[in-house]
Amino acid sequence: MVLMMIQHHHQHQQTSTTLAPHPIPLSASSHRSPATPSHTQSPSPLSLVPLTSSSHRLPPTPPPPLLLDHVISPIASAAHHSAEPALMLARVSFSDIATYDGAPCGPYLRAVEALAGSLMRHNAAVIELGGAEASLMRCGLEAARLYFRSRSQNGVVKGCSNRGIYMYRAGRPVEDWDSSPPCMAEIFRCMGKAARSALCAIARHLRLSSVFSQLLDDTPLPAGEVSSSVLVATYSHTSLQNGKGAIGGGKLAVSGEVEKGLLTLISSDSPGLQVCDPNGHWFLADCSSAPGDLLLITGKTLSHTTAGLRPAAFYRAASDHSSGANSGGRTSLAFRLMPQGNAILDCSPIAAAGHVIPPSYVPISVSQFMDDLSAEEDVNCNRPDNTYVAQNDVNKEPSLRSVLSDPHI
């Protein structure tokens, strides 16, 4: 009987020494902490080899795959000042959210969740262009910089109408091509596609279908019509920035400015834009963005159309981030996706999708909505307790209401 137990014990030792016929990868366990076990399961009761020695024979259990690695890469935002928290904005590839025919695939669904999550946590996200689109954005920023610098005199930017701003709208005839930066038409189309794709992704996350399509211009535009959306090229010299001209050179309150359209995409050659998150903390949103990256913020029109489910973002220029390339200023390209002036903002599709609509969100025309926003802005501007940066109307931006109605802007 004793002999049979010894033979049985010897057979188990032979079995435990032949369980690893394949070579063991070293990278999976070489960086583990000594206090972290290499297996989550307890050793088999048939094995007489200690747990510490079995880790050299059995291949370690591989970690679960990270499904969002190809969708999100973090942007580590260094603290701009003591009140600015570090954050992680989602970087979503444009190729993953680009609209297409057919059923949604895994990368698209993961990109939609990543985009919506970043907007929910930070009121901002980053769309990463690739290939030809990224090269086009770099060329557009350099062309805009050269355009404004060629019109500068004695350190004062003299762009369109003595401002460091140029506005391009598709469909508006350009009489003198020498008076505008090159590549604006190509930049407008590229950023317009990215903006519409981002809007579709937001709608998908809210369980909506094509609720926003009726608000937008036809693509391509009908003959003789001018786009409601606008591309704004700005150049802020170091002596002019100091908290002014975050996107369009308009007047900014200390508490920041809110975007009025559906959404805005911004590309810049140096950091300088702060965004306020839902907790009221300001952070430098474009501190790690490259010229091929588009910073996404949402506006008042989208907030009303979604019954407040997607709030508008507040933004402002970073007063102490005025250093551009070689301290020569900051150039940015901002695409504002705007609705048609005769469209109606109606929240009924939100209710049909199962969301609760507060009574204040009633149907309203886009033109009336913009008028109300302009009136509200004027009231806030004239309040004695609200301090605006004085600019003597040099960098004052035309209101978005005038952008919608005046084809000559």
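In the annotation of an unreviewed UniProt entry, the protein chain is listed under the name u-box domain-containing protein 62-RELATED and assigned to Salix koriyanagi.

Across its full length, the protein chain carries 10 helices and 15 strands. Taking all 409 residues of the protein chain together, 44% fall into the buried category. A sequence separation of at least 24 residues applies to 77% of the contacts in the protein chain between residues at least 6 apart. Total accessible area computed for the protein chain in this model is approximately 20700 Å², and 57% of it derives from carbon and sulfur atoms.

Further remarks concern the pattern of salt bridges. Applying the stated criterion across every chain, the model contains seven salt bridges. Across the salt bridge formed by Asp-293 and Arg-91, the nearest N and O atoms sit 2.9 Å from each other. Linking Asp-293 in strand β11 (residues 293–298) with Arg-91 in strand β3 (residues 91–93), this pair joins segments that are 202 residues apart in sequence. Since its relative accessible area comes to 11%, Arg-91 is described here as buried. Among the ionic pairs, Glu-377 bridges to Lys-260, the shortest N-O distance being 3.0 Å. With Glu-377 in helix α9 (residues 366–382) and Lys-260 in the loop between β7 (257–258) and β8 (263–268), the pair connects residues that are 117 residues apart, well separated along the chain.

The next subject is the pairing of strand β9 (residues 273–276). Judged by which residues are buried, β9 turns out to be covered on both faces: Leu-273 and Val-275 on one side and Gln-274 and Cys-276 on the other are all buried. Where β9 and strand β12 (residues 314–317) come together, three bridges link them in antiparallel fashion. In the strand pairing of β12, Leu-273 is matched with Ala-317. Looking at chain direction, β9 and strand β10 (residues 282–284) are connected through three bridges and run antiparallel. Considered in β10, the bridge of Cys-276 is made with Trp-282. Once β9 ends, the chain turns through five residues before running back antiparallel as β10, passing Gly-280 with a positive phi of about 85 degrees.

Their axes nearest at 9 Å, the elements helix α4 (residues 106–122) and helix α6 (residues 184–205) cross at an angle of 90 degrees. Classified by the interaxial angle, the pair formed by α4 and α6 is roughly perpendicular. For the pair formed by α4 and α6, the contact residues are Tyr-108, Leu-109, Val-112, Glu-113, Leu-115, Ala-116, Leu-119 and Met-120 on the first element and Ala-198, Cys-200, Ala-201, Ile-202, Arg-204 and His-205 on the second. Here the contact of α4 with α6 is composed, by residue class, of 11 nonpolar, one polar and two charged.

Residues at a pLDDT of 70 or more form 61% of the protein chain, whose mean pLDDT is 74. Every residue in residues 12–86 is under pLDDT 50, and counting partners more than four places away or in other chains gives 82 contacts. Note on residues 322–326: pLDDT is under 50 here. Beyond four places in sequence and across chains, it has six contacts.

We now examine the sheet that holds strand β4 (residues 125–128). Here we have seven strands laid out as an open sheet, ordered β3-β4-β11-β8-β13-β6-β5, and mixed in their pairing. One side of each edge strand has no neighbouring strand; the edge strands of this open sheet are β3 and β5 (165–168). Neighbour to neighbour, the strand axes of the sheet diverge by 25 degrees on average, direction disregarded. Where strand β6 (residues 230–236) lies against strand β13 (residues 330–337), seven bridges are found, and the strand directions are antiparallel. Within the sheet, the bridge partner assigned to Leu-231 lies in β13 and is Phe-335. Each of β5, β6, β8, β11 and β13 touches helix α5 (residues 132–149); the most contacted strand, β13, lies at about 115 degrees to it.

Let us now look at the nonpolar core. Ranked by size, the top nonpolar core spans 64 residues in total, and within it Met-191, Leu-231, Leu-263, Leu-265 and Leu-333 carry the most contacts. Per-element accounting of this core gives the leading share, 12 residues, to α6. Those residues in contact with Leu-265, other than ones at most four positions away along the chain, are Ile-127, Met-191, Ala-194, Ala-195, Leu-294, Leu-295, Leu-296, Leu-333, Ala-334 and Phe-335. In this structure, Leu-89, Ala-124, Tyr-315 and Ala-334 belong to the second largest nonpolar core, which totals 13 residues.

Moving on, we get to the environment of Ser-374. By the secondary structure assignment, Ser-374 is in helix α9. Among the residues examined, Ser-374 registers a relative accessible area of 17% and is labelled buried. Sequence-wise, Ser-374 and Lys-260 are 114 residues apart; in three dimensions their C-alpha atoms are separated by 9.5 Å.

With that settled, the discussion passes to α6. Between its first and last C-alpha, α6 extends 31 Å over 22 residues, near the 32 Å set by a 1.5 Å rise per residue. Once α6 finishes, Arg-207 follows within two positions and takes phi at roughly 65 degrees, a positive value.

Rules used throughout
Residues numbered from 1 in each chain as written. Predicted model: local features only at pLDDT ≥ 70, side-chain atom pairs only at ≥ 80, totals over all residues. Heavy atoms only, no water. Helix = DSSP H or I, 4+ residues; strand = E, 2+ residues; numbered from the N terminus. Buried < 20%, exposed > 50% of the residue type's maximum accessible area, 1.4 Å probe, protein only. Contact = heavy atoms within 4.5 Å. Areas by Shrake-Rupley, 256 points an atom, 1.4 Å probe, with all protein chains shown as cover. Salt bridge = Lys/Arg side-chain N within 4 Å of Asp/Glu carboxyl O. Pairing = 2+ DSSP bridges. Axes fitted to C-alpha atoms, helices over the stretch in contact; angles between N-to-C directions. Parallel < 35°, antiparallel > 145°, perpendicular 65-115°, else oblique. Nonpolar A, V, L, I, M, F, W, Y, C, P; charged D, E, K, R; others polar. pLDDT = per-residue confidence, 0-100. Core = buried A, V, L, I, M, F, W, Y, C linked by side-chain atoms within 4.5 Å. Expected span 1.5 Å × (residues − 1).

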